[in-house]
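Residue-level structure breakdown
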Amino acid sequence: QRPSRRFSTEGGGKLFFALRSSLSFGSRLQLFHALFALMSLIHLSLFLGVVSLAAAASFSPGSRSILRDIGSNNADQKDYAIELNATNFDSVFQDSSAKFAVLEFFAHWCPACRNYKPHYEKVARLFNGADAVYPGVVLMTRVDCALKMNVQLCDKFSINHYPMLFWGPPKKFVDGSWKPKQEKSEISVDEWRTADLLLTFINKQLGSSYGLNDQKFGNFLSNISDHEQISQAIFDIEEATEEAFGIILTLKAIKSSETGTSFTRFLQLLVAHHPSRRCRKGSAEILMNFDDLCPSGECFYDQESGAKDTLRNYHICGKDVPRGYYMFCRGSKNETRGFSCGLWVLIHSLSVRIEDGESQFAFTAICDFINNFFMCDDCRQHFHDMCLSVKTPFKKARDVVLWLWSTHNKVNERLKKVEESLGTGDPKFPKMIWPPKQLCPLCYLSSTEKNIDWDHDEVYKFLKKYYGEKLVSVYKKNAVHASKEEVVVAAEEMAVPTNALVVPVGAALAIALASCAFGALACYWRTQQKNRKYNHNPHYLKRYNSIVMNTFSNTESEREKER
């Protein structure tokens, strides 16, 4: 064909017959073999590529069978809401420390749902994630009903349109047993269409005044008159216990029989009186195996020591305690409060739980532990000096409680002067004499700027209630199943990657079947061509007849000779 002429069906047919007439049958057969091998390689490559893509995509349980727009402006947008599915739905709500939860049911193919997502994420930013402004207050979650694995879950909630929002305590959603009721804590959300409306609804339910533009630490736990805030400290105590144990492991601080004894005495106190059950359990496991882990006070920390079991194999409060997620003890700066605050709360909570006969043992265990394992040198030395100032052994648990309270206030007074002079304090949580009048007005007999006359009986009552009953009251209420460990699930751990390309397995199977059919058809065509070659080609027929006749004549002559 001329180059200027467009290739058409007729032109293609002429080209085919031209090639057929110009090539011999053997050349055409070789050309077909080459094309067949090339097509087989192409089909095999496509099949393997699709299978690998499907396997990579199916690695994420929350992946969706849709193609993503790589150039989307939302690719870098962080999701704060926790995306749930049928496998993690109950566990997330059951283990949440939040008082309330918002649950959104949506479908990824729904345009209205996609348009609403930025509004929902604006509100979720305030409550979810490591950088949440108000962590532990509301758990923001969502479920994609378009995924097959979530169909039954969505049916349990009678979802009939998208998006659909629900509000209630997290435990009410467990096992899909929650049913909408027109009550304050158990109602469906009607006012949700914008971020402002949704946050207004939440503020109405909580009696709060949160704003969409609130920044981290802006109003978090600023109301010191709220007794309920201490209930969140239970999680800080767990984290502080785990962090203290981690420091000991990192610095390999148990180096002698003296430090080993100090550690085991503190473990005995934790096993008996730690507010968290999982910390009591973890402490007991370490204590029971301590002689094998640390013979003669020298512990095995790594496998390189040759020991089968090492101290690093143990978690004093379990494997699921989040790190860097302080709630009650969170400061307005990364370097303020946190671990030191959590450790103080732990010590106070231990002191209000001991009996009179344990008072001196508890005092000694706490003093020795701080002296050996609290790595802030000045703080450790100051605390040790105050411990040495006690000349008479304690006989009453009340005396230990009041001594720790008085010691804490002395530490605050000293640090307050230093921080004010250097400007290193926390502006949102300045050091103060504790408890303030807002929390315990009966604790004050009289007060001036330089002196406070305390009612120690009232102070003792307040401490027992604040670090005892108040600390675990909400914590116990939130424990639905006593047989399960209390677990706080951090939002970033629930993130499910959704940027993988998912190709249906049916497509891969279709390509495989097409490849097999193509191969079978090619084999059949080759067989037909060979038959044509021998049945219709005169040259081969002549040659075949001659071979047969020669063979026949030879056979006859041999028979004559035999005769």
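Residues numbered from 1 in each chain as written. Predicted model: local features only at pLDDT ≥ 70, side-chain atom pairs only at ≥ 80, totals over all residues. Heavy atoms only, no water.

Some remarks on the overall build of the protein
What the protein contains, in helices and strands, is 17 helices and seven strands. Counting all 563 residues of the protein, 42% fall into the buried class. For the protein, contacts bridging at least 24 residues in sequence account for 71% of all contacts bridging at least 6. Summed over all atoms, the accessible surface of the protein reaches about 31900 Å², with 55% contributed by carbon and sulfur. (Helix = DSSP H or I, 4+ residues; strand = E, 2+ residues; numbered from the N terminus. Buried < 20%, exposed > 50% of the residue type's maximum accessible area, 1.4 Å probe, protein only. Contact = heavy atoms within 4.5 Å. Areas by Shrake-Rupley, 256 points an atom, 1.4 Å probe, with all protein chains shown as cover.)

Remarks on the packing of aromatic side chains
By the definition in use, this model includes 30 aromatic pairs. Ring centres 5.0 Å apart and planes at 70° place the aromatic pair Phe89 and Phe93 in the edge-to-face group. Linking Phe89 with Phe93, this pair stays in helix α3 (residues 89-95), spanning four residues, or about one helical turn. Assessed through its relative accessible area of 1%, Phe89 is described here as buried. Given the relative accessible area of 0%, Phe93 is considered buried. An aromatic cluster of at least three residues, connected via ring pairs, comprises Phe89, Phe93, Phe105, Phe157, Phe166 and Phe173. (Phe/Tyr/Trp six-rings, centres within 6.5 Å; stacked < 30°, edge-to-face > 60°.)

Topic: the packing of helix α12 (residues 359-373) against helix α14 (residues 397-422)
At a minimum axis distance of 8 Å, the contact between α12 and α14 shows a crossing angle of 30°. One element, α12, and the other, α14, form an angle in the roughly parallel class. As α12 packs across α14, the resulting crossing turns out to be right-handed. Contact with α12, carried on its side by Ser359, Phe363, Ile366 and Cys367, involves Ala397, Val400, Trp403 and Leu404 of α14 and no other residues of that element. Residue composition of the contact of α12 with α14, by class: seven nonpolar, one polar and no charged. (Axes fitted to C-alpha atoms, helices over the stretch in contact; angles between N-to-C directions. Parallel < 35°, antiparallel > 145°, perpendicular 65-115°, else oblique. Left-handed = near helix turned anticlockwise from the far one by under 90°. Nonpolar A, V, L, I, M, F, W, Y, C, P; charged D, E, K, R; others polar.)

Considering the confidence of the model for the protein
When pLDDT is low, close inspection of the predicted coordinates is not appropriate. When pLDDT is averaged across the protein, the result is 75; 63% of the residues are at 70 or more. Predicted confidence in the protein is weakest over helix α1 (residues 9-22), with a mean pLDDT of 50, and strongest over α12, with 96. Here residues 53-76 scores under 50 on pLDDT; set against residues more than four positions off or in separate chains, the count is 26 contacts. Long-range and interchain partners of residues 180-186, a stretch whose pLDDT sits below 50, account for 15 contacts in this model, where long-range means more than four residues apart. (pLDDT = per-residue confidence, 0-100.)

Some points on the environment of Asp79
Tracing the sequence through the fold places Asp79 in the loop between α2 (25-58) and β1 (82-84). Polar side-chain contacts of Asp79 include one of 3.1 Å to the side chain of Lys117. (Polar contact = N/O pair within 3.5 Å; in protein donor to acceptor, adjacent residues only side chain to side chain.)

Points about helix α4 (residues 111-127)
Two residues of an α-helix separated by three or four positions point the same way, owing to the 3.6 residues in each turn. For α4, built from 17 residues, the straight-helix expectation of 24 Å at 1.5 Å per residue is met to within 8% by its first-to-last C-alpha distance of 25 Å. Most pronounced at Lys117, the bend in α4 amounts to some 35°, and the proline Pro118 follows within four residues. Considered for burial, the residues of α4 that qualify are Cys113, Tyr116, Tyr120, Glu121, Val123, Ala124, Leu126 and Phe127. Next to the buried residues of α4 lie β2 (100-106), β3 (138-144), β4 (164-168) and α6 (195-206). (Expected span 1.5 Å × (residues − 1). Bend = angle between axes of the 7 residues up to and from the residue.)

A short note on the nonpolar core
The biggest cluster of nonpolar side chains holds 73 residues, and the ones touching the most others in it are Ile254, Phe263, Leu311, Phe383, Trp403 and Leu463. Setting aside chain neighbours within four positions, we find Phe263 in contact with Phe245, Ile248, Ile254, Ile286, Phe290, Phe369 and Phe373. If you look at the next biggest cluster of nonpolar residues, it comprises 23 residues, including Val102, Val123, Val137 and Tyr210. (Core = buried A, V, L, I, M, F, W, Y, C linked by side-chain atoms within 4.5 Å.)

Concerning the pairing of β3
On any regular strand, side chains alternate: one points to one face of the sheet, the next to the other face. Burial analysis of β3 places seven of its seven residues in the buried class, the great majority of the element. Burial of β3 is two-sided: the residues Val138, Met140, Arg142 and Asp144 facing one way and the residues Leu139, Thr141 and Val143 facing the other way are all buried. Both β1 and β3 contribute to a ladder of three bridges, which runs parallel. Its bridge partner lying in β3, Ile82 is registered against Thr141. The pairing of β2 with β3 spans seven bridges and is classified as parallel. The residue of β3 that forms the bridge with Phe100 is Val138. Viewed along the sheet, the connection from β2 through α4 into β3 turns out right-handed. (Pairing = 2+ DSSP bridges. Right-handed = clockwise from strand over helix to strand, strands pointing away.)

Focus on the environment of Thr264
Residue position: Thr264 is located in helix α8 (residues 257-273). For Thr264, a relative accessible area of 15% puts it in the buried group. A C-alpha to C-alpha distance of 8.9 Å links Thr264 and Ile286, two positions 22 residues apart in sequence. Ignoring any residue separated from it by four or fewer positions in sequence, one finds Thr264 in contact with Leu287 and Phe290.

Side note on the pattern of salt bridges
For the coordinates displayed, the defined rule picks out nine salt bridges. For the salt bridge of Glu238 with Arg278, the shortest nitrogen-to-oxygen distance reads 2.9 Å. Remark: Arg278 occurs in helix α9 (residues 277-288) and Glu238 occurs in helix α7 (residues 233-251); sequence separation between them is 40 residues. The shortest N-O distance in the salt bridge between Asp457 and Arg398 comes to 2.7 Å. Taken together, the residues span a long stretch of sequence, with Asp457 in helix α15 (residues 456-477) and Arg398 in helix α14 at a distance of 59 residues. Salt bridges linked by common partners bring Glu83, Glu104 and Arg142 together as one network. (Salt bridge = Lys/Arg side-chain N within 4 Å of Asp/Glu carboxyl O.)

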